[in-house]
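Okay, here's what each chain looks like letter by letter:
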Amino acid sequence: MHPSSRNMVKVLAVLYKGGKYAQQQPRLLGTIENRLGISGMLKSGGHQYVVTDDKEGPGSQFQKEIVDADVLITTPFHPGYLTRDILAKAKNLKLAITAGVGSDHVDLDAANEHKVTVAEVSGSNVVSVAEHVVMSILLLVRNFVPAHEQIRAGDWDVAAVARNAYDLEGKVVGTLGAGRIGFRVLQRLKPFDCKELLYYDYNPLPDHATKEVGARRVEDLKEFLSQVDVLTVNAPLHDKTKGLINAETLSYMKKGSWIVNTARGAICNADDVAAAVKSGHIAGYAGDVWYPQPAPRDHPWRAMLGPDGNGNGMVAHYSGTTLDAQQRYADGTREILQNWLDGKPQNPANVIVENGDYVTKAYGQRTAGATS
């Protein structure tokens with residue numbers, strides 16, 4: 001059931017702390033300070049709005065407040081992990097909104113069992129992430145990070161950085177996943193005159209899209225990985241993609257290939273990736289997604305380096321939370337929330353699960369009653 005706009009509901013948002021930066025930049029909407037820009041809307045409707053960044057452990061504000069919350073809003077950048085156990089305690093919860101794209105922080109099967117609708121702001125960050133992918137590919141292939149660090153250290157040694165610098169032209173680039181982001185990555189790579197653009201996806205691209213980007217689909221994962229010089233991961237996280245890039249699948253890849261992952265950290269086995277970079281089998285790994293998030297200080301991806309002291313292009317999870325993207329996902333969150341408050345149907349593209357069933361195939365070909 002949906003409330004009428006005159007009935008008070010409790011909305012809990014788990015966002016990240018912006019501190020002085022949120023004060024300096026009001027467009028940092030995804031922060032606890034700027035509250036997605038929806039405080040006024042909720043206050044005018046007489047609703048309770050609780051915002052926190054404290055999300056870890058049973059004593060956290062998140063776990064204390066979720067027990068009587070009607071709506072949970074969280075972001076992929078600082079997710080409140082809505083596990084089966086927490087869902088069981090959230091007796092009033094009816095709607096979980098992802099302010100952004102990617103709802104793998106929710107146990108979707110358990111959400112179905114509890115008839116909790118899960119929605120996200122589809123398309124809100126696709127351009128932002130695709131641009132970050134291309135940037136990350138270039139910084140790895142051109143050996144940019146060590147070159148920059150050398151200059152900051154006051155040094156100048158062209159040979160030291162040029163020995164691991166290449167052109168993207170003439171390389172084979174493949175995307176694991178060719179959905180909204182993966183396809184936009186292919187679009188942006190086409191002008192670089194790569195030797196070939198490949199994709200691995202359970203769905204073939206439409207003919208017009210294939211013609212536009214000139215990409216070839218490879219249906220066997222081992223064959224796909226063995227052909228690429230650069231792998232970019234652009235797939236959602238679910239049972240079939242979790243840990244997909246591991247010691248075995250890394251061994252299929254060419255020695256000296258590069259990997260960019262802006263999808264979800266758990267798609268790649270952290271220890272196996274770090275070992276492959278350290279050995280030089282993988283020349284570099286870049287991206288902004290980790291598991292868990294925030295990443296612990298001893299996460300192997302923080303300090304991993306290749307034999308020549310290069311190969312690490314990791315940053316905090318921010319590819320999809322540019323100021324432009326934050327405006328889009330804040331607007332989308334407002335729309336989803338307002339639709340729910342008014343009892344209006346949601347845009348089907350934004351709905352992941354509803355009425356105890358999966359609305360999308362993006363999280364694997366699952367149906368109601370599936371087990372994770």
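Above this text you will find the structure in question.
Rules and cut-offs
- Residues numbered from 1 in each chain as written.
- Predicted model: local features only at pLDDT ≥ 70, side-chain atom pairs only at ≥ 80, totals over all residues.
- Heavy atoms only, no water.
- Helix = DSSP H or I, 4+ residues; strand = E, 2+ residues; numbered from the N terminus.
- Buried < 20%, exposed > 50% of the residue type's maximum accessible area, 1.4 Å probe, protein only.
- Contact = heavy atoms within 4.5 Å.
- Areas by Shrake-Rupley, 256 points an atom, 1.4 Å probe, with all protein chains shown as cover.
- Lys, Arg positive; Asp, Glu negative; His and termini not counted.
- Charge placed at Lys NZ, Arg CZ, Asp CG, Glu CD.
- Pairing = 2+ DSSP bridges.
- Axes fitted to C-alpha atoms, helices over the stretch in contact; angles between N-to-C directions.
- Salt bridge = Lys/Arg side-chain N within 4 Å of Asp/Glu carboxyl O.
- Core = buried A, V, L, I, M, F, W, Y, C linked by side-chain atoms within 4.5 Å.

### Overview of the overall build of the protein
Secondary structure summary: the protein contains 15 helices and 14 strands in total. Summarising its shape, the C-alpha atoms of the protein cover approximately 65 × 50 × 35 Å along the three principal directions. Within the protein, buried positions represent 53% of all 372 residues. The contacts of the protein with a sequence gap of at least 6 include a subset with a gap of at least 24, amounting to 69%. Of the roughly 17000 Å² that the protein leaves accessible, carbon and sulfur atoms contribute 51%. In the protein, 40 side chains carry a positive charge and 41 a negative one; their mean positions are 3 Å apart.

### Quick notes on the sheet that holds strand S1 (residues 10-14)
Across the sheet, 7 strands lie side by side as S2-S1-S3-S4-S5-S13-S14; this open sheet has mixed pairing. Two strands bound the open sheet, and with one partner strand each, they are strand S2 (48-52) and strand S14 (357-358). Note: S1 against S2, 5 bridges, orientation parallel. If you follow Leu 12 over to S2, its bridge partner there is Val 50. Here helix H15 (residues 323-342) sits on the sheet in contact with S1, strand S3 (71-74), strand S4 (95-98) and strand S5 (117-120), set at roughly 165 degrees to S4.

### Side note on the sheet that holds strand S8 (residues 215-217)
A sheet is described by the order of its strands in space; here 7 strands give the open sequence S8-S7-S6-S9-S10-S11-S12, paired in parallel fashion. At either end of the open sheet lies a strand with only one pairing partner, and these are S8 and strand S12 (312-314). For this sheet, the mean inter-axis angle between neighbouring strands, taken without regard to orientation, is 20 degrees. The sheet contact formed by strand S7 (residues 196-200) and S8 spans 3 bridges and is parallel. Each bridged residue has a counterpart across the sheet, and for Leu 198 the counterpart in S8 is Arg 216. Across the sheet, helix H6 (residues 126-141) touches strand S6 (172-176), strand S9 (230-233), strand S10 (257-261), strand S11 (282-287) and S12, and the angle it forms with S10 is around 150 degrees.

### What to know about the pattern of salt bridges
Summed over the entire model, instances satisfying the criterion amount to 12 salt bridges. Among the salt bridges present, the one from Arg 27 reaches Asp 324, with a minimum N-O distance of 3.6 Å. Placement of Arg 27 in the loop between helix H1 (19-24) and helix H2 (39-44) and of Asp 324 in helix H15 is noted, with a sequence separation of 297 residues between them. We classify Arg 27 as partly exposed; its relative accessible area is 40%. Residue Arg 84 is joined to Glu 113 by a salt bridge in which the shortest nitrogen-to-oxygen separation is 2.7 Å. Remark: Glu 113 occurs in helix H5 (residues 108-113) and Arg 84 occurs in helix H4 (residues 84-89); sequence separation between them is 29 residues. Ionic contacts of the salt-bridge type, sharing partners, join the residues Lys 10, Glu 65 and Asp 68 into one network.

### Quick look at the side chain of Asn 125
Tracing the chain through its elements places Asn 125 in the loop between S5 and H6. Overall, the relative accessible area of 5% leaves Asn 125 in the buried class.

### Section: the nonpolar core
Residues Phe 224, Leu 231, Tyr 285 and Trp 301 are the most contacted members of the largest nonpolar core, which totals 33 residues. Of all the secondary-structure elements, those providing two or more residues to this core are S6, helix H11 (221-227), S9, helix H12 (247-252), helix H13 (270-279) and S11. The dominant element in this core, judged by the number of residues it contributes, is H13, at 5 residues. Setting aside residues no more than four positions away along its own chain, Tyr 285 makes contact with Leu 140, Ile 259, Asn 261, Cys 268, Val 273, Val 277, Trp 301, Met 304, Gly 311, Asn 312, Gly 313 and Met 314.

### Looking at the side chain of Thr 98
Inspection of the secondary structure assignment puts Thr 98 in strand S4. Non-local contacts of Thr 98, meaning those with residues more than four positions away in its chain, are made with Thr 74, Pro 76, Ser 103, His 105, Ala 119, Glu 120 and Val 121.

### Let's talk about unusual backbone geometry
Omega for the peptide link from Tyr 291 to Pro 292 comes to -5 degrees, which places this bond in the cis form. Inspection of the secondary structure puts Pro 292 in the loop between S11 and helix H14 (300-303). With an omega dihedral of -5 degrees, the bond running from Gln 293 to Pro 294 counts as a cis peptide bond. Examined against the element boundaries, Pro 294 turns out to sit in the loop between S11 and H14.

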